[in-house]
Amino acid sequence: DVKVTQSSRYLVKRTGEKVFLECVQDMDHENMFWYRQDPGLGLRLIYFSYDVKMKEKGDIPEGYSVSREKKERFSLILESASTNQTSMYLCASGQGSSYNSPLHFGNGTRLTVT
Amino acid sequence: AQSVSQHNHHVILSEAASLELGCNYSYGGTVNLFWYVQYPGQHLQLLLKYFSGDPLVKGIKGFEAEFIKSKFSFNLRKPSVQWSDTAEYFCAVNAVEYGNKLVFGAGTILRVKS
């Protein structure tokens, strides 16, 4: 069974701090994704990566960056956290093209920025 | 840009009632369609998917969905809900033209009363 592991379940950070959210998958998937989930807005794509060192902006990349140095690991970076980045962050991975391959999600990291 | 609309944000049903959750998307080209479910405290998981062929697809736990191309719809149905179906349901769409981006609807929270 595919496992997508997010390093923290809950995080509390202060405004202006640099925040790292880590995600590891164990199924050798090419594609990895970062979404944020907010009530009434569903999941919105922040960034995704289809190969090591490759990244693509999603729909809401502002204020975020990503790193994919190894195939199994995809990191989301908040360079200077702000209160409007308080949210649930979901990492996902998928095999091949996501147009015909379902995503596997981690349990999420609930980030609070004070 | 692609968009996905889910008509109801909250649905409350009694056990054994029938369920239909609406999903419409905006893209007119070839699409792949998904329903994901998030049970309380759990990660998002795939409920069912449509890529091609029979427009009526069956998923896990007695759920099914019908793709109606002329209406740009992919509604989720279950003839008789159970208390354990209480969850948040997300419709998601991917179009080949948009590459690996999977776009989610805002979600529908279903509460089944026992």
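Residues numbered from 1 in each chain as written. Chains lettered and ligands numbered in written order. Predicted model: local features only at pLDDT ≥ 70, side-chain atom pairs only at ≥ 80, totals over all residues. Heavy atoms only, no water.

Caption draft 1: Up close: the confidence of the model for chain A. Of all residues in chain A, 95% have pLDDT values of 70 or greater, and the mean over the chain is 92. Averaged pLDDT values over the elements of chain A bottom out at 92 in strand E7 (residues 56-57) of chain A and peak at 98 in strand E12 (residues 109-113) of chain A. (pLDDT = per-residue confidence, 0-100. Helix = DSSP H or I, 4+ residues; strand = E, 2+ residues; numbered from the N terminus.)

Caption draft 2: The pattern of salt bridges, seen in detail. Within this structure, the stated rule accounts for nine salt bridges over all chains. One salt bridge in this structure joins A:Glu69 and A:Lys53, with 2.4 Å as the shortest N-O distance. One end of the pair, A:Glu69, is in strand E8 (residues 64-70); the other, A:Lys53, is in the loop between strand E6 (42-49) and E7, with 16 residues separating them in the sequence. Each member of the pair, A:Glu69 as well as A:Lys53, carries the same accessibility label: exposed. The salt bridge involving B:Lys78 is made with B:Asp85; its shortest N-O contact spans 2.9 Å. You can call B:Lys78 buried: its relative accessible area is 6%. Of the residues examined, B:Asp85 reaches a relative accessible area of 2% and is grouped as buried. Here the salt bridges do not stand alone but share partners, grouping B:Lys58, B:Glu64, B:Glu66 and B:Arg77 into one network. (Salt bridge = Lys/Arg side-chain N within 4 Å of Asp/Glu carboxyl O. Buried < 20%, exposed > 50% of the residue type's maximum accessible area, 1.4 Å probe, protein only.)

Caption draft 3: Representation of the interface of chain B and chain A within the structure. Across the contact, 22 residues belong to chain B and 24 residues belong to chain A. A buried area of about 1900 Å², summed over both sides, lies between chain B and chain A, and 57% of it is on carbon and sulfur atoms. Scanning the region where chain B abuts chain A turns up zero salt bridges. Counting every contact that joins chain B to chain A gives five residue pairs in polar contact (both at pLDDT 80 or more). Secondary structure elements with two or more residues in the side of chain B that touches chain A: strand E5 (31-38) and strand E10 (87-95) of chain B. Considering each element in turn, the side of chain B that touches chain A owes the most residues, four residues, to E5(B). Per-class residue counts for the side of chain B that touches chain A are 10 nonpolar, 10 polar and two charged. (Contact = heavy atoms within 4.5 Å. Buried area = accessible area lost by both parts, 1.4 Å probe. Polar contact = N/O pair within 3.5 Å; in protein donor to acceptor, adjacent residues only side chain to side chain. Nonpolar A, V, L, I, M, F, W, Y, C, P; charged D, E, K, R; others polar.)

Caption draft 4: Highlighting the nonpolar core. Formed by 31 residues in total, the largest nonpolar core has its most connected members in B:Val31, B:Leu33, B:Trp35, B:Leu48, B:Phe74, B:Leu76 and B:Tyr89. Discounting residues that sit within four places of it in the chain, B:Val31 has contacts with B:Tyr25, B:Phe51, B:Phe67, B:Val93, B:Asn94 and B:Ala95. (Core = buried A, V, L, I, M, F, W, Y, C linked by side-chain atoms within 4.5 Å.)

Caption draft 5: A look at the pairing of strand E6 (residues 45-50) of chain B. Residue and element names in this part refer to chain B. As paired strands, E5 and E6 are joined by five bridges and run antiparallel to one another. Each residue of the ladder has a partner; that of Phe34, found in E6, is Lys49. Two successive antiparallel strands, E5 and E6, enclose a turn made up of six residues, where Gly41 displays a positive phi of approximately 75 degrees. (Pairing = 2+ DSSP bridges.)

Caption draft 6: Representation of the state of the cysteines in the model. Counting across every chain of the model gives two disulfides over all chains. For A:Cys23, the disulfide goes to A:Cys91, at an S-S distance of 1.9 Å. Note on the A:Cys23 and A:Cys91 pair: the S-S dihedral is about -80 degrees, so by sign convention the disulfide is left-handed. Pair noted here: A:Cys23 is in strand E4 (residues 23-25) and A:Cys91 is in strand E10 (residues 87-94), with a separation of 68 residues, a long-range link. Pair check on accessibility: A:Cys23 and A:Cys91 agree, each one buried. Sulfur-sulfur distance for the disulfide between B:Cys23 and B:Cys91 comes to 1.9 Å. The disulfide joining B:Cys23 to B:Cys91 has a torsion of about -65 degrees about its S-S bond and is therefore left-handed. A residue pair is termed long-range when its members are at least 10 positions apart, and B:Cys23 in strand E4 (residues 23-25) and B:Cys91 in strand E10 qualify at 68 residues. Taken as a pair, B:Cys23 and B:Cys91 share a single burial class, namely buried. (Disulfide = S-S within 2.5 Å.)

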